[in-house]
Amino acid sequence: MKRKLILCLMWCATGFAAFAQTKSNKIEFTEYTLLNGLHVILHQDNSTPNVAVSVLYHVGSKNEVKGRTGFAHFFEHLMFEGTENIERGQYMNMVQAAGGSLNANTSFDRTYYYELLPSNQLALGLWMEAERMVGAKVDEVGVETQRKVVQEEKRMRVDNQPYGTILENTFGLAYTEHPYKITPIGTFEDLNNAKIEEFRDFYKTFYVPNNATLSIAGDINIDDTKKLIEQYFAKIPKGTQEIPRPNIVEPAQTEERRKVVYDNIQLPAVIQAYHIPAQGTEDHYALSMLTTLLSGGKSARMPKAIVDKQQKAVAALSIPFPTEDPGLFLTYAIANMGVDVKDLEAAVDAEIELVKKELINEREFQKLRNQMESQFVQQNSTVAGRAENLANYHVYYGDANLINNEIDRYMKVTKEDIQRVANKYLTKNNRVVLHYLPKSAQQSN
């Protein structure tokens, strides 16, 4: 149950965290832009005979319009249907037959596709991504098929999953104006009401070269790869429609909001969400280190105090959602058997207050810095990780080289900075609180 909850909470944030390498392991890369607007990033690593081919489209659920939610996530599925030259249902089979694997994910801010292939199959990966970009099948058969797939996914992963609606309820309560109030999976009603012309317009608007970053990492030759990219992508026409970028600013929250959710669960849970700045801001780095301090491993403050020592919870964690616009810092805890949800909330609050009042000691701070550096190295230990991070840094920060030097921004964070952001953002007036209770409690109330 604990593992499933963690996966649920991290679902929308998949791919959203930016990581870097230490200076001693600098990642070399080449980047350029085709005439049609497609940005290309190439990283050569000939240590193993495999390659990651990825395309990041700068479109997520925040680009959707009211009444038509879930489109970006829907297209994550739809664009595996096939193309004019790839038969319906054969996309995955072709990659797997070549000895590779593939997947995709959608967040509030992006849609990301990738193939992991033997390096001698690079051309296959490029051709397939070019096919998806220029001629994905957006027809009645594919739309109706994927409508059913997405609806079943929502039933399994959200509606009928214990604690599965946490993100849906938390973001819906925390945001009143910004599109983040609707999670990427959207609603049944919006997808059912959408017409085929609306899906086609969405495809023509967002899945175009000038809204995409092609990032390749692995056993490649840079010059040869450039020729293949020219062959497959250069003739794809640039999109002709303006790409909408929402500029809605969420009003500052001035008082705490609360909600009780009765779910098909046995153990109550407490979820708190605080509004925080967008990724890449100075305070974002301090808040990222704060969450590692609170829940970065079994010896971190929340699990050590609330789970091990007090035994008030079976799980206690914090998660900051790194988003392009101002996001949320979540804490959540699942109560131990017999523990009242109010007592659990008080225990979580106590850990937050401790960070606010007492400066962390030097030993704990050095451990925290070491953890951050270790995370960076681990996340860039694969060609897949490097390809994704290079694309993220380019799209979100306009600087792919942050894959090498963003670690410096974390190392500039002081103990005082961590205490300061805790006091600035983790306040009751700036948060929403949800109590998840068993349905049996609703009947007794």
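Keep in mind that what you see is a predicted model, and the values were worked out from it rather than measured.

Asks: Help me out: how do you make sense of the sheet that holds strand β6 (residues 212-218) in this one?
Replies: Strand pairing in a sheet is mediated by backbone hydrogen bonds. Such pairs are either parallel or antiparallel. Pairing in this open sheet of six strands is mixed, and the strands run β1-β2-β6-β3-β5-β4 from one edge to the other. The open sheet has two edge strands with one neighbour each: β1 (30-33) and β4 (101-106). Neighbour-to-neighbour, the strand axes of the sheet open up by a mean angle of 15 degrees, direction not taken into account. Pairing of strand β3 (residues 50-57) with strand β5 (residues 111-118) involves eight bridges; the strand directions are antiparallel. Bridge assignment links Leu56 to a residue of β5, and that residue is Tyr112. Helix α9 (residues 222-233) rests against β1, β2 (39-44) and β6 of the sheet, and its axis sits at about 150 degrees to β2.

Asks: Sorry if this is basic, but what is going on with the sheet that holds strand β9 (residues 313-320) here?
Replies: Spatially, five strands are ordered β7-β11-β8-β10-β9 in an open sheet, and the strand pairing comes out mixed. One side of each edge strand has no neighbouring strand; the edge strands of this open sheet are β7 (257-263) and β9. Mean inter-strand twist for the sheet, computed between neighbouring axes without regard to direction, equals 15 degrees. As defined by bridge partners, strand β8 (residues 269-276) adjoins strand β10 (residues 327-335) across eight bridges and the pair is classed as antiparallel. Within β10, the residue paired with Val270 across the bridge is Ala333. Set on the sheet, helix α6 (residues 166-174) makes contact with β7, β8, β10 and β11 (431-438); between it and β11 the angle comes to about 145 degrees. Contacting β9 and β10, helix α11 (residues 301-309) crosses the sheet at an angle of about 160 degrees to β9.

Asks: How should the side chain of Glu76 be read in this particular structure?
Replies: Tracing the backbone shows Glu76 in helix α2 (residues 71-78). Although Glu76 lies buried, it forms no salt bridge, and the closest oppositely charged side chain, Arg157, sits 6.6 Å away as judged by the N-O distance. A distance of 2.5 Å separates the side chain of Glu76 from the side chain of Thr106, its partner in a polar contact.

Asks: Looking at this model, I keep getting lost on the packing of aromatic side chains. Mind explaining?
Replies: Given two aromatic rings, one states the distance between the centres and the angle between the planes to describe the pair. As enumerated under the stated definition, the model contains 24 aromatic pairs in all. Ring centres of Tyr175 and Tyr180 lie 5.7 Å apart, and the angle between their planes is 85 degrees; on these two criteria the pair is classed as edge-to-face. The class of Tyr175 is buried, set by a relative accessible area of 3%. Overall, the relative accessible area of 0% leaves Tyr180 in the buried class. Their ring planes at 55 degrees and their centres at 5.1 Å tell us that Phe376 and Tyr410 sit as a pair that is tilted. Here Phe376 is found in helix α13 (residues 362-379), whereas its partner Tyr410 is found in helix α15 (residues 402-411), with 34 residues between them in sequence. There is no split in this pair, since Phe376 and Tyr410 are both buried. Each member of the aromatic cluster is reached from another via a ring pair, and the members are Tyr57, Phe71, Phe74, Phe75, Phe80, Tyr91, Tyr113, Phe199, Phe202, Tyr203, Phe206 and Tyr207. The side chain of Lys154 reaches across the aromatic face of Phe188, ending 5.4 Å from its centre.

Asks: Please clarify how unusual backbone geometry should be interpreted in this entry.
Replies: Peptide bonds are trans in most cases, and residues, glycine excluded, mostly fall at negative phi. Unlike most non-glycine residues, Tyr163 shows phi in positive territory, near 65 degrees. The residue Tyr163 is located in the loop between α5 (140-159) and α6 in this model. Given the relative accessible area of 0%, Tyr163 is considered buried. With a phi angle near 55 degrees, Gln311 is a residue other than glycine that sits in the positive phi range. Looking at where Gln311 falls in the secondary structure, it is placed in the loop between α11 and β9. For Gln311, a relative accessible area of 52% translates into the label exposed.

Asks: Honestly, the environment of Tyr207 in this entry has me stumped. Any pointers?
Replies: As for its placement among the helices and strands, Tyr207 is situated in the loop between α8 (196-206) and β6. Overall, the relative accessible area of 1% leaves Tyr207 in the buried class. Residues Tyr207 and Glu197 lie ten residues apart in sequence; the distance between their C-alpha atoms is 15 Å. In this view, Tyr207 contacts Tyr57, Val59, Ala72, Phe75, Met79, Thr111, Tyr113, Met133 and Phe202; residues no more than four positions away in its chain are not counted.

Asks: Explanation requested: the nonpolar core in the structure shown.
Replies: Across soluble globular proteins, you tend to see nonpolar side chains buried next to one another. By size, the foremost hydrophobic cluster in this structure holds 59 residues, and its most contacted members are Met289, Leu290, Ile306, Phe329, Leu344, Ile418 and Leu426. When residues of this core are assigned to their parent elements, the largest contribution, eight residues, is made by helix α14 (residues 383-397). Split by domain, this core shows at least three residues from each of two domains, domain 1 (29-234) and domain 2 (257-441). What Leu344 contacts, discounting residues up to four positions off in sequence, is Val270, Ile306, Lys312, Ala313, Ala333, Ile334, Ala335 and Val339.

Asks: Sorry, what's going on with the pattern of salt bridges here?
Replies: A side chain with one charge can pair with a side chain of the opposite charge if their charged atoms come near. In total, this model carries 25 salt bridges according to the counting rule given. A salt bridge links Arg68 to Glu198; the shortest N-O distance between them is 2.9 Å. On the criterion of sequence distance, the pair formed by Arg68 in the loop between β3 and α2 and Glu198 in helix α8 is long-range, its members being 130 residues apart. Taking the relative accessible area as the measure of exposure, Arg68 reaches 21% and is therefore partly exposed. One salt bridge in this structure joins Glu388 and Arg110, with 2.7 Å as the shortest N-O distance. With Glu388 in helix α14 and Arg110 in the loop between β4 and β5, this residue pair connects regions lying 278 residues apart in the sequence. Classification of Glu388 as buried rests on a relative accessible area of 17%. What emerges from the salt-bridge pattern is a single network uniting Glu256, Arg258, Glu345, Asp349 and Arg431.

Parameters and conventions
- Sequence order as written defines residue numbering, which begins from 1 separately in each chain.
- The predicted origin of the model limits local features to residues at a pLDDT of at least 70 and limits the giving and counting of side-chain atom pairs to 80 or more, whereas totals for whole chains, interfaces and linings rest on all residues.
- Working from all heavy atoms in the structure, the side-chain values ignore hydrogens and water.
- Strands qualify as paired when DSSP identifies two bridges or more between them.
- Think of it this way: any DSSP run of H or I at least four residues long counts as a helix, any run of E at least two long counts as a strand, and we number them from the N terminus.
- Every angle, taken between N-to-C directions, lies between 0 and 180 degrees, and every axis is a line fitted to C-alpha atoms, over only the stretch in contact when it is a helix.
- What makes two residues a contact is simply this: any of their non-hydrogen atoms within 4.5 Å.
- We call a residue buried when its accessible area falls under 20% of the maximum for its residue type, exposed when it is over 50%, and partly exposed in between, using a 1.4 Å probe and counting protein chains only.
- Only four residue types enter the tally: Lys and Arg on the positive side, Asp and Glu on the negative side, with His and both chain ends excluded.
- Salt bridges are identified by distance alone: a Lys or Arg side-chain nitrogen within 4 Å of an Asp or Glu carboxyl oxygen.
- Two N or O atoms count as a polar contact when they lie within 3.5 Å, although within protein this holds only if one can serve as hydrogen donor and the other as acceptor, and sequence-adjacent residues are included solely when both atoms are side-chain atoms.
- In this analysis, rings of Phe, Tyr and Trp, with Trp reduced to its six-membered ring, are considered paired at centre separations within 6.5 Å, and the interplanar angle assigns stacked below 30 degrees, edge-to-face beyond 60, and tilted for intermediate values.
- A ring is scored as having a charge over it whenever the NZ atom of a lysine or the CZ atom of an arginine sits within 6 Å of its centre and within 35 degrees of its normal.
- We define the nonpolar core as a collection of buried residues of types Ala, Val, Leu, Ile, Met, Phe, Trp, Tyr and Cys that are connected through side-chain atoms lying within 4.5 Å of one another.
- An automatic or database domain assignment supplies the residue ranges for each domain.

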